[in-house]
Amino acid sequence: DIQMTQSPSSLSAFVGDRVTITCRASQGIGNDLAWFQQKPGKAPKFLIYAASSLQSGVPSKFSGSGYGTDFTLTISSLQPEDFATYYCHQYNTYPLTFGGGTKVEI
Amino acid sequence: EVQLVESGGALVQPGGSLRLSCAASGFTLSTYWMSWVRQAPGKGLEWVANIKQDGIEKYYVDSVKGRFTISRDNAENSLYLQMNSLRAEDTAVYYCARGLGSSTGRGDYWGQGTLVTVSS
């Protein structure tokens, strides 16, 4: 199975900060990586696919990059509504797997 | 508007069975892979199963193989998860999602989730 390791597991930031979350795959997955945002008690929200493609309707302050084993999610200017947990997800190989999550706190 | 609505979650004893349903609307179910994903209390996301458009090709996470069965009824716009031999570690909110892992959908829509609690 492909293990997805996110870092950090949590971070504290201020409104307006630039935030970067890292996701590492245990083996190469090309660009078969997605990012999701989840707020407490809510379903995950789809943000990015193919490592860097923004889902329709997602603000451009979110961006993704990477290929192979190392990926990043960047939020350019953190806003109050961005405080949430973020998950990376590989869909290169079954079983599909998620990272452990990064909780972004105020 | 695309909507996915799960139902069927309940409190069940270890070893028991449960069938979850996901009602799809606002899109043509037969053109998408569909998925079940679960989240144990306070934990991260875990993919459970995928089913292809025709209902024949299916994939499962190892921990549920032989116990869970994913199925679909495209005519009824519904996705199902039959869960047998339930264990305490199956306790989670179960989400249905559209097309996780496929080139269409990719997990772009999720239901609100239904809670399954396995306890005596």
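Residues numbered from 1 in each chain as written. Chains lettered and ligands numbered in written order. Predicted model: local features only at pLDDT ≥ 70, side-chain atom pairs only at ≥ 80, totals over all residues. Heavy atoms only, no water.

Draft legend 1. Here's a closer look at the sheet that holds strand S9 (residues 92–98) of chain B. Residue and element names in this part refer to chain B. Within the open sheet, the six strands sit side by side as S2-S10-S9-S4-S5-S6. Their pairing is mixed. Both outer strands of the open sheet, strand S2 (11–12) and strand S6 (58–60), are each paired with one neighbouring strand and no more. Pairing of strand S4 (residues 34–39) with S9 involves six bridges; the strand directions are antiparallel. Across the sheet, Arg38 pairs through a bridge with Tyr94, a residue of S9. (Pairing = 2+ DSSP bridges. Helix = DSSP H or I, 4+ residues; strand = E, 2+ residues; numbered from the N terminus.)

Draft legend 2. View of the nonpolar core. Phe98 of chain A together with Trp36, Leu81, Met83 and Tyr94 of chain B are the most contacted members of the largest nonpolar core, which totals 44 residues. When contributions to this core are tallied by element, the ones reaching two or more residues are strand S4 (33–38) of chain A together with strand S3 (18–25), S4, strand S5 (45–51), strand S7 (68–73), strand S8 (78–83), S9 and strand S10 (114–118) of chain B. Of all hydrophobic cores here, the second largest spans 25 residues; its members include Ile48, Phe71, Tyr86 and Cys88 of chain A. (Core = buried A, V, L, I, M, F, W, Y, C linked by side-chain atoms within 4.5 Å. Buried < 20%, exposed > 50% of the residue type's maximum accessible area, 1.4 Å probe, protein only.)

Draft legend 3. Seen up close, the interface of chain B and chain A. In this assembly, 19 residues from chain B lie in contact with 15 residues from chain A. Together chain B and chain A conceal approximately 1500 Å² of surface at their shared face, both sides included; 67% is due to carbon and sulfur atoms. It is Leu45, Trp47 and Arg106 of chain B in chain B that bury the most area against chain A; as a group they hold 39% of the surface buried on that side. The interface formed by chain B and chain A contains zero salt bridges. One can count five residue pairs in polar contact (both at pLDDT 80 or more) joining chain B with chain A. Of all the elements in the fold, those that place two or more residues in the side of chain B that touches chain A are S4 and S5 of chain B. Per element, the largest residue contribution to the side of chain B that touches chain A is four residues, and it comes from S5 of chain B. (Contact = heavy atoms within 4.5 Å. Buried area = accessible area lost by both parts, 1.4 Å probe. Salt bridge = Lys/Arg side-chain N within 4 Å of Asp/Glu carboxyl O. Polar contact = N/O pair within 3.5 Å; in protein donor to acceptor, adjacent residues only side chain to side chain.)

Draft legend 4. Representation of the pairing of S9 of chain B in the model. All names here are of chain B. Counting buried positions along S9 yields six of seven residues, so the element is predominantly enclosed. Of the pairings in the sheet, the one linking S9 to S10 comprises three bridges and is antiparallel in character. Bridge pairing links Ala92 to Val116 in S10.

Draft legend 5. Region of interest: the pattern of salt bridges. All names here are of chain B. Taken as a whole and judged by the stated rule, the model has 10 salt bridges over all chains. Arg38 is the salt-bridge partner of Asp90, the closest N and O atoms lying 2.9 Å from each other. Highlighted residues: Asp90 in the loop between S8 and S9 and Arg38 in strand S4, separated in sequence by 52 residues. Take Asp90 and Arg38: they sit in the same class, and that class is buried. Between Glu57 and Lys52 there is a salt bridge, with the nearest N and O atoms lying 3.5 Å from each other. Lys52 gets classed as partly exposed once you look at its relative accessible area, which sits at 29%.

Function cannot be read off these values alone, since they describe shape.
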